[in-house]
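# A look at the structure
Given next are the chains, with one letter for each unit.
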Amino acid sequence: MTHTTRAATVSTSTDAASASNAYLSGDHAKKYRSTAGSQPSTDQRQLRRCLDDLDRDGYTIVENVLDLATVAEIRSSVEPLFVHEGGRNAFEGYRTRRLYSPIDDTDVLDDIVEHPLALGLLDELFEPNYLLSQLQVIDIAPGESAQGLHPDDNFYPWPRPRPPLGAATIFAIDDFTADNGATVVIPGSHRWDDHFPTEEEQATAIPAVMPAGSMLFFLGTTWHGGGANHTDRSRMCVTAQYCRPWCRPQENFSLSVSKQRVARSSEHIQRLLGYSIHPPFMGFVRGMHPKRLLEDV
Ligand SMILES: O=C(O)CCC(=O)C(=O)O
């Protein structure tokens, strides 16, 4: 009798725990189901190779993921959008032009933001419904000095070593060379604790040399920075950063991107901009799915 009662108690609490787990991880939205992971699938061997690189080095490079016509279209579309000739501090770079959140001004970067290889990697790294954290065009002019090395997700106050809370792509719009400001990365630094790199460690940084149209993808824990530009031509890139679905994105896209723009965007862009629910209910608007806001646009 005692045995039976004890077993019943255990089974009831196990049922409650599994019901609670199912609730926490389930997609409860009725009208708008999650579209996470529904992008076109990508070459699995390439994906595995990139994941191996990321695990070992904290970054990976895939050459020629954009054709040169697309690269040229991106350059001509973003060039007129720059407002400032230089940054406001050494980190932004006094000789570096930056275009923050260009997604509201042009659709030309959508293919970068939702690039199937980038999303395929993010699907492996993060929980579904990860978010776009920021989007920038960065143009490093001749004479710019090297940016201070940094990991991108250090502003989340969670001690290292730890899994990445974000990840970034850098798409080369110009060829990236050792002289023109190619992003530099420190291989293996994604595994470091919270220390600032020593001079010896900083000396192990290597430039991400790659032709225009290529993608550098790195973890938020990987130390990196914009390189010094010793040439007489500027070096342009587009960078999209992503974060786990329960982290706060850097850019407040809900405020910087109009509902009209979101309404005409793809499912993936809508989800990445926060028109999504991370189970069980993170991201709701008055208790409802945020996509309902788009119904009357
Ligand atoms: O432009 C680059 O190559 C990287 C820039 C960067 O890491 C940053 O601005 O945080």
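Looking at an unreviewed UniProt entry, one finds the protein chain named Ectoine hydroxylase-related dioxygenase (Phytanoyl-CoA dioxygenase family) and attributed to Ilumatobacter fluminis.

## Quick look at the state of the cysteines
Enumeration according to the criterion identifies 0 disulfides in this entry. Considering cysteine sulfurs only, Cys237 is the nearest to Cys50, which forms no disulfide, with 18 Å between them. Relative accessible area serves as the criterion here: at 0%, Cys50 is assigned to the buried category. Free cysteine: Cys247, not disulfide-bonded; nearest cysteine sulfur from Cys243 at 5.4 Å. Taking relative accessible area as the criterion, Cys247 reaches 8% and is therefore assigned buried.

## What about the packing of helix H2 (residues 44–57) against helix H5 (residues 116–125)?
Running from N to C, H2 and H5 cross one another at 55°; their axes reach a closest spacing of 10 Å. In terms of axis orientation, H2 runs oblique to H5. Relative to H5, H2 is oriented so that their crossing is right-handed. Listed contacts from H5 to Gln46, Leu47, Arg48, Cys50, Leu51 and Leu54 of H2 are Leu117, Gly120, Leu121, Glu124 and Leu125. Class assignment for the residues of the contact of H2 with H5 results in 7 nonpolar, 2 polar and 2 charged.

## What about the pairing of strand E2 (residues 96–100)?
Walk down a regular strand and you will see the side chains alternate between the two sheet faces. The buried count for E2 comes to 4 of 5 residues, which makes it a mostly enclosed element. Bridge count between E2 and strand E3 (residues 131–140): 5 bridges; the pairing is antiparallel. The residue bridging Arg98 from the neighbouring strand is Ile138, located in E3.

## Quick look at the pairing of strand E4 (residues 166–172)
Counting buried positions along E4 gives 7 out of 7 residues, so the element sits mostly inside the fold. Burial of the side chains of E4 extends over both faces: Gly166, Ala168, Ile170 and Ala172 are buried on one face and Ala167, Thr169 and Phe171 on the other. Of the strand pairs in this sheet, E4 and strand E9 (residues 235–243) are connected by 7 bridges, and their pairing is antiparallel. Each residue of the ladder has a partner; that of Ile170, found in E9, is Thr239. Alignment of E4 against strand E7 (residues 215–219), held across 5 bridges, turns out to be antiparallel. Considered in E7, the bridge of Phe171 is made with Met215.

## Quick word on unusual backbone geometry
Here the bond from Arg160 into Pro161 is cis, since omega is 0°, no more than 30 degrees from zero. Examined against the element boundaries, Pro161 turns out to sit in the loop between E3 and E4. Here the bond from Pro279 into Pro280 is cis, since omega is 5°, no more than 30 degrees from zero. You can see Pro280 is positioned in the segment after helix H9 (267–272). Its identity as a non-glycine residue notwithstanding, Asn64 has a phi of 55°, on the positive side. Summarising the element assignment, Asn64 is placed in the loop between strand E1 (59–62) and helix H3 (68–78). Backbone geometry places Ser101, a non-glycine residue, at a positive phi of 50°. In this structure, Ser101 sits in the loop between E2 and helix H4 (110–113).

## Quick word on the site of the ligand
The local shell around the ligand consists of Phe91, Arg98, Ile138, Gln147, His150, Ile170, Thr183, His224, Gly226 and Arg235. Contact between the ligand and Thr183: an oxygen atom at 2.6 Å from a side-chain N or O atom of the residue. Protein chains shield 92% of the accessible area of the ligand, which is 290 Å² for the free molecule. Looking at the shell around the ligand, its residues break down into 3 nonpolar, 5 polar and 2 charged.

The rules behind each value
Residues numbered from 1 in each chain as written. Predicted model: local features only at pLDDT ≥ 70, side-chain atom pairs only at ≥ 80, totals over all residues. Heavy atoms only, no water. Disulfide = S-S within 2.5 Å. Buried < 20%, exposed > 50% of the residue type's maximum accessible area, 1.4 Å probe, protein only. Axes fitted to C-alpha atoms, helices over the stretch in contact; angles between N-to-C directions. Helix = DSSP H or I, 4+ residues; strand = E, 2+ residues; numbered from the N terminus. Parallel < 35°, antiparallel > 145°, perpendicular 65-115°, else oblique. Left-handed = near helix turned anticlockwise from the far one by under 90°. Contact = heavy atoms within 4.5 Å. Nonpolar A, V, L, I, M, F, W, Y, C, P; charged D, E, K, R; others polar. Pairing = 2+ DSSP bridges. Near = heavy atom within 4 Å. Polar contact = N/O pair within 3.5 Å; in protein donor to acceptor, adjacent residues only side chain to side chain. Areas by Shrake-Rupley, 256 points an atom, 1.4 Å probe, with all protein chains shown as cover.

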